[in-house]
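Coordinate inspection notes
Spelled out, the chains give:
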Amino acid sequence: MRNLIVTISLILISVLTASLIDFWAGLFYFSLSALAILCVYWAVIFILRYREDYFVDFKNDFNFYKINLVNSSNLTLEEINNNEGFYIKKFKKTLVRDKIIDIFKILLAIVFAITCISSMIFG
């Protein structure tokens, strides 16, 4: 809910100040500043979610993966626990696509923030 409130309020500030550029040209910088703050905010949120998903909750997700593996194959939990290193590598390979998508989200938010800041400097 907090993310929604922050996003909507920063977008409203940006749209309002962009629509008042004819009144004072300096509002252009306020509009770009609001967009840059929004992009930095989302980059931080994405980084925190990435850290939580792939480092904090790794053990719980791996346990869930083991349960799904037991239910979908003829393996027992003892066999998986005896060869846990192999199954951890296999689980990490399944996470690669999700990690790449999350990294691209972070990079996209950072690139948008840099674009807004460079537009303020050079625009």
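Definitions and cut-offs
- Residues numbered from 1 in each chain as written.
- Predicted model: local features only at pLDDT ≥ 70, side-chain atom pairs only at ≥ 80, totals over all residues.
- Heavy atoms only, no water.
- Core = buried A, V, L, I, M, F, W, Y, C linked by side-chain atoms within 4.5 Å.
- Buried < 20%, exposed > 50% of the residue type's maximum accessible area, 1.4 Å probe, protein only.
- Helix = DSSP H or I, 4+ residues; strand = E, 2+ residues; numbered from the N terminus.
- Contact = heavy atoms within 4.5 Å.
- Salt bridge = Lys/Arg side-chain N within 4 Å of Asp/Glu carboxyl O.
- pLDDT = per-residue confidence, 0-100.
- Expected span 1.5 Å × (residues − 1).
- Arc of directions from axis to C-beta.
- Phe/Tyr/Trp six-rings, centres within 6.5 Å; stacked < 30°, edge-to-face > 60°.
- Axes fitted to C-alpha atoms, helices over the stretch in contact; angles between N-to-C directions.
- Parallel < 35°, antiparallel > 145°, perpendicular 65-115°, else oblique.
- Bend = angle between axes of the 7 residues up to and from the residue.

Now for the nonpolar core. Core analysis: the largest hydrophobic core is formed by 18 residues, its most contacted members being Trp 42, Phe 62, Tyr 65, Leu 69, Tyr 87, Phe 91 and Leu 95. Going through the elements one at a time, helix 2 (27-56), helix 3 (58-72) and helix 5 (84-122) are the ones with two or more residues in this core. For Phe 91, the contacting residues outside a window of four places in its chain are Phe 58, Asp 61, Phe 62 and Tyr 65.

Moving on: the pattern of salt bridges. Scanning the model with the defined rule gives four salt bridges in all. Here Lys 59 makes a salt bridge to Glu 84, at a shortest N to O gap of 3.9 Å. Here Lys 59 is found in helix 3, whereas its partner Glu 84 is found in helix 5, with 25 residues between them in sequence. Residue Lys 59 is classed as partly exposed on the basis of its relative accessible area, which comes to 46%.

With that settled, the discussion passes to the confidence of the model for the protein. Of the residues in the protein, 100% reach a pLDDT of 70 or more, and the chain-wide mean stands at 92. Across the protein, the element-wise mean pLDDT spans from 89 in helix 4 (residues 77-82) up to 95 in helix 1 (residues 2-19).

A separate point is helix 1. If you check helix 1, its first and last C-alpha atoms are 26 Å apart, about what 18 residues at 1.5 Å a residue would give, namely 26 Å. Where helix 1 is concerned, the buried positions are Asn 3, Thr 7, Leu 10, Ser 14 and Thr 17. Take helix 1 and look down its axis: the buried residues cluster within an arc of 110°, on one side only. Every exposed residue of helix 1 that faces more than 90 degrees away from the buried side is listed here: Ile 5, Leu 12, Val 15 and Leu 16. Contacts from the buried residues of helix 1 go to helix 2.

Let's shift gears to the packing of aromatic side chains. Ring pairs (aromatic) are described by centroid distance and by the angle formed between their planes. One pass over the structure, following the stated rule, counts twelve aromatic pairs. With a centroid separation of 5.5 Å and an interplanar angle of 40°, the aromatic rings of Trp 42 and Phe 46 are classed as tilted. Taken as a pair, Trp 42 and Phe 46 lie in helix 2 at a separation of four residues, close to a single helical turn. Arranged with centres 5.4 Å apart and planes meeting at 55°, the rings of Phe 58 and Phe 91 form a pair that is tilted. With Phe 58 in helix 3 and Phe 91 in helix 5, the pair connects residues that are 33 residues apart, well separated along the chain. Judged on exposure class, the residue Phe 58 and its partner Phe 91 are both buried.

Mapping Met 120 onto the fold places it in helix 5. If sequence neighbours within four positions are ignored, Met 120 has contacts with Tyr 29, Leu 32 and Ser 33.

All right, on to the packing of helix 3 against helix 5 then. Helix 5 packs onto helix 3 with a crossing angle of 100° between their chain directions and a minimal axis gap of 11 Å. With respect to each other, helix 3 and helix 5 are oriented roughly perpendicular. From helix 3, Phe 58, Lys 59, Asp 61, Phe 62, Tyr 65, Lys 66 and Leu 69 reach across to helix 5, where they touch Glu 84, Tyr 87, Ile 88, Lys 90, Phe 91, Lys 92, Thr 94 and Leu 95.

The subject of this paragraph is helix 5. The terminal C-alpha atoms of helix 5 lie 54 Å apart, and with 39 residues this matches the ideal 57 Å at 1.5 Å per residue to within 8%. The largest bend in helix 5 is about 40°, located at Leu 95. For helix 5, the full list of buried residues reads Tyr 87, Phe 91, Leu 95, Asp 102, Ile 106, Ala 109, Ala 113 and Cys 116. Contacts made by the buried residues of helix 5 are with helix 2, helix 3 and helix 4.

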